[in-house]
Amino acid sequence: AADNGGHEPRTPMNVVLLMAHAPLASALRDAALHVFPDAAADIGALDVVASATPEDTLAQAQAALAALGGRPALVLTDVFGATPCNVAQRVVEQGDARLIAGANLPMLLRALSYRAELLDDMTQRALAGGVQGVLPVTTAAPQNQTRRAPNDQERHDHQQ
């Protein structure tokens, strides 16, 4: 074994494949790349159109995973029991992949943040991020702002 200065060999990043009803997969990918522009090679999107057969969708999903380099993959779908999820179940059975249904942007961002971890750990972090990203929001004033009295004549709402 060659000495690499005491550093562990770098394992390749896991990838994320989004499979959702069109145009959600692409929209989630675009939003994630706004935050993580360096992740373009690690995230794919398959927008499933209503007219596509499950067989066609399966072939497209397999091609999308192959385009991501055949690396371990976390597949995120929008709705459990819908065609994207049903096809994704077939995809993850065929390789080193995990599947979460109910994808949201916090889940995706968390997955991308931890794509260098083991796939099972990345999956758990993504799931936690998705759950933690869903919360009720009150009608209270935005952070660091005070609510204006209803009779306040000041109309400058642009303070931050």
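Here, the structure is the one placed above.
Residues numbered from 1 in each chain as written. Predicted model: local features only at pLDDT ≥ 70, side-chain atom pairs only at ≥ 80, totals over all residues. Heavy atoms only, no water.

Draft legend 1. Structural detail: the nonpolar core. Of all hydrophobic cores here, the largest spans 20 residues; its most connected members are Val 16, Leu 18, Ile 43, Leu 74, Leu 76, Leu 108 and Leu 112. Broken down by secondary-structure element, the contributors of at least two residues to this core are strand 1 (15-21), helix 1 (24-35), strand 3 (73-77), helix 4 (105-113) and helix 5 (119-132). Residue contacts for Leu 108: discarding those within four places in its chain leaves Val 16, Leu 18, Leu 28, Arg 29, Ala 32, Ile 43 and Leu 76. The next biggest cluster of nonpolar side chains, apart from the first, holds 17 residues, and it includes Val 15, Val 75, Val 91 and Ala 97. (Core = buried A, V, L, I, M, F, W, Y, C linked by side-chain atoms within 4.5 Å. Buried < 20%, exposed > 50% of the residue type's maximum accessible area, 1.4 Å probe, protein only. Helix = DSSP H or I, 4+ residues; strand = E, 2+ residues; numbered from the N terminus. Contact = heavy atoms within 4.5 Å.)

Draft legend 2. Here's a closer look at the packing of helix 1 against helix 4. Here helix 1 crosses helix 4 at 50 degrees, and the two axes come no closer than 10 Å. Classified by the angle between their axes, helix 1 and helix 4 sit oblique to one another. Helix-helix and strand crossings are classified by hand; for helix 1 and helix 4 the assignment is right-handed. Across from Leu 28, Arg 29, Ala 31, Ala 32 and Val 35 in helix 1, the residues of helix 4 making contact are Leu 105, Leu 108, Leu 109 and Leu 112. Per-class residue counts for the contact of helix 1 with helix 4 are 8 nonpolar, no polar and 1 charged. (Axes fitted to C-alpha atoms, helices over the stretch in contact; angles between N-to-C directions. Parallel < 35°, antiparallel > 145°, perpendicular 65-115°, else oblique. Left-handed = near helix turned anticlockwise from the far one by under 90°. Nonpolar A, V, L, I, M, F, W, Y, C, P; charged D, E, K, R; others polar.)

Draft legend 3. Structural view of the layout of surface pockets. Taken as a whole, the second largest pocket holds about 150 Å³ of empty space. Gln 62, Leu 65, Ala 66, Gly 70, Arg 71, Ala 73, Val 91, Gln 94, Gly 95, Asp 96 and Ala 97 are the residues that line the second largest pocket. Here the lining of the second largest pocket gets 3 residues from one element, more than from any other, and that element is helix 2 (residues 54-67). For the lining of the second largest pocket, the per-class residue count stands at 5 nonpolar, 4 polar and 2 charged. (1 Å grid on protein atoms, 1.4 Å probe; cavity = no way out; pocket = protein on both sides within 12 Å on 5 of 7 lines; lining within 4 Å. Points joined across faces, edges and corners; volume = space filled by probe spheres on them.)

Purely spatial values, then, with no claim about function.
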